[in-house]
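# Per-entry structural report
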Amino acid sequence: MTRVDAPQALESRLSALESQHHEAARLIAELQGRDALKTQFLANISHDLRTPLTAIITHAEILRDGILGELTPRQRDSVTSIISGGRQLLEMVGEILTYARGAADQLALTPTELRIADVIGRVRTLNESLVEKKGLTLSVTVADDIPPIHADAEKIAHVLGNLLGNAIDFTPPGGRVWVSARQVGSDGRPSLLIEVGDSGIGIAPEHHDLVFREFAQVDASASRQHHGTGLGLTIARKLVELHGGSIWLESQLGEGSRFFFTIPYRGAPPQHAPPV
Amino acid sequence: MPPDDARTADVAPTWTPPAPPLVLLVEDSALVASALRILFEETGRRVRVAPDVAAAVAACADEPPALMLLDLTLPDGDGLSALAGARARGAAPRVTVAMTGHDDPGTRQRCLAAGCADVLVKPVPARELLRRAAEWLG
């Protein structure tokens, strides 16, 4: 290349780069548009799936409850299984809907002053029959001096329910599952720290990031043993982050798992919990 | 026939049993409506089904129901506009309850503000729905 050609060559190179840049920007915009369409499709289809499921479950409950005549015990067992399957499917559809809303930034918080012990109590009650069925021991420890926190009770319950459900799912019969809550951070930025732990199968450290990714289950065979959309922890992370908190885990393969999440107190929290 | 007996026959009121309470199901899914119809008819209520807002307002104008169970997403608009439409015609249901798949607090507040007595997330367990209906229709 001669000195005379150099500016021309540079100009032509610059022009090629600009053109590539525009093409890349166009592709990104197109992909974002398609991703938004996919998210909207997920939200729409999840909503539409609920209607026939509602009909299936309600018709089956009419039969189970003997409204159209008494069933034999085996008929009742069979219909009860239809209802359980339907409710399981409904839960998964709900999870996809929540994920789609989260991906589209359509999830909003409705915070109130809540006592974490109440939320944990509710989630515990919902899971007690499963714990008993698997022969697990569930213990709950909530520090006495935790002040109420400004947070969305339904969404915190969703996160807790997901973590506790996983803990129960991935812990063999006879194992231990626990939930604890305490206040941490004394440097003027206090948070609520909640732990959900289990003595179950554990997760290898190299998979710790993977579990929070959408549609991921660490072991492909796990999806055959443990039902789920693979969205639970992705949604849990989204809901915790919406509150300004973070979520992580400590675990080794074969040594159980401990999931932690924090919810920061907004402004100065009350120094002491009001009398119960 | 002696006069006395005739007089008695003239003044005796003709007693007809009160009609069972009317439940109006505003629901565009025929499958869901059929389940709810069985549930209420088998427990002694009369049932009418309206698949959209216009049919719901017309049904209320024809006979205001004791209970209107209202789906929120209807082919011709927001379910709550059926309640507003019935009120505008002076034919409001005695009790209106929203039944919806949207379980977010915003939807709940919107329904209560519009005059619904309660907001239930579908599918409401059959027994639970009957227990609550007994309270609303009580």
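Our subject is the structure listed above.
Residues numbered from 1 in each chain as written. Chains lettered and ligands numbered in written order. Predicted model: local features only at pLDDT ≥ 70, side-chain atom pairs only at ≥ 80, totals over all residues. Heavy atoms only, no water.

## Looking at the overall build of chain A
From N to C terminus, chain A includes six helices and seven strands. The order of helices and strands in chain A, counted from the N terminus, is α-α-β-α-β-β-α-β-β-α-α-β-β. Out of the 276 residues belonging to chain A, those deemed buried represent 39%. In chain A, 71% of the contacts between residues at least 6 apart in sequence involve partners at least 24 apart. Counting every atom, chain A has about 16100 Å² of accessible surface; 55% of that belongs to carbon and sulfur. (Helix = DSSP H or I, 4+ residues; strand = E, 2+ residues; numbered from the N terminus. Buried < 20%, exposed > 50% of the residue type's maximum accessible area, 1.4 Å probe, protein only. Contact = heavy atoms within 4.5 Å. Areas by Shrake-Rupley, 256 points an atom, 1.4 Å probe, with all protein chains shown as cover.)

## Examining the packing of aromatic side chains
All names here are of chain A. Evaluated as defined, the whole model comprises two aromatic pairs over all chains. Consider the rings of Phe 212 and Phe 259, whose centres lie 6.3 Å apart with planes at 75 degrees: the pair is edge-to-face. With a gap of 47 residues between them, Phe 212 in the loop between β5 (191–198) and α5 (222–225) and Phe 259 in strand β7 (residues 257–264) connect regions that are remote in the sequence. Each of the two residues, Phe 212 as well as Phe 259, counts as buried. (Phe/Tyr/Trp six-rings, centres within 6.5 Å; stacked < 30°, edge-to-face > 60°.)

## Brief notes about the interface of chain A and chain B
Contact with chain A, which involves 18 residues of that partner, is made by 21 residues of chain B. Our count for the chain A to chain B interface comes out at one salt bridge. Between the two partners, chain A and chain B, sit six residue pairs in polar contact (both at pLDDT 80 or more). Of all the secondary structure elements, the ones that give two or more residues to the side of chain A that touches chain B are α1 (6–64) and α2 (73–103) of chain A. (Salt bridge = Lys/Arg side-chain N within 4 Å of Asp/Glu carboxyl O. Polar contact = N/O pair within 3.5 Å; in protein donor to acceptor, adjacent residues only side chain to side chain.)

## Some points on the nonpolar core
A:Ile116, A:Leu160 and A:Phe261 are the most contacted members of the largest nonpolar core, which has 47 residues in total. Looking at this core element by element, the count peaks at nine residues for helix α4 (residues 153–169) of chain A. (Core = buried A, V, L, I, M, F, W, Y, C linked by side-chain atoms within 4.5 Å.)

## Brief notes about the sheet that holds strand β3 (residues 67–71) of chain B
All names here are of chain B. If you walk across this open sheet you meet the five strands as β2-β1-β3-β6-β7, and the pairing is parallel. The sheet is open, and its two edges are formed by β2 (46–50) and β7 (118–121), each paired on a single side. Recorded for the sheet is a direction-independent mean angle of 20 degrees between the axes of neighbouring strands. Bridging between strand β1 (residues 22–26) and β3 involves four bridges; their strand directions are parallel. Bridge pairing links Val 26 to Leu 70 in β3. (Pairing = 2+ DSSP bridges. Axes fitted to C-alpha atoms, helices over the stretch in contact; angles between N-to-C directions.)

## Some thoughts on the pairing of β1(B)
Residue and element names in this part refer to chain B. Along β1, five of the five residues are buried, which leaves the element largely enclosed by surrounding structure. Along β1, one buried face is formed by Leu 22, Leu 24 and Val 26 and the opposite face, lined by Val 23 and Leu 25, is buried too. In this structure, β1 lies alongside β2, joined through five bridges in parallel fashion. Across the sheet, the residue bridging to Leu 25 is Val 49, located in β2. Note on the crossover from β1 through helix α2 (residues 30–41) to β2: the handedness is right-handed. (Right-handed = clockwise from strand over helix to strand, strands pointing away.)

## Some thoughts on the sheet that holds strand β4 (residues 176–184) of chain A
All names here are of chain A. Taken together, the five strands give an open sheet; going across it, the order is β2-β4-β5-β7-β6, and neighbouring strands pair in mixed fashion. Each end of this open sheet is capped by a strand with a single partner; those strands are β2 (137–142) and β6 (247–251). Taken pair by pair, the neighbouring strands of this sheet meet at an average axis angle of 15 degrees, ignoring direction. By the bridge criterion, five bridges tie β6 to β7 in an arrangement that is antiparallel. Considered in β7, the bridge of Ile 247 is made with Phe 261. Packed on one face of the sheet, helix α3 (residues 116–134) meets β2, β4 and β5 and runs near 180 degrees to β2.

## Looking at the environment of A:His47
All names here are of chain A. Along the chain, His 47 turns up in helix α1. Classification of His 47 as partly exposed rests on a relative accessible area of 23%. As a C-alpha pair, His 47 and Ile 96 span 49 residues in sequence and 9.5 Å in three-dimensional space.

Take it as geometry only, folks, not as evidence of what the structure does.
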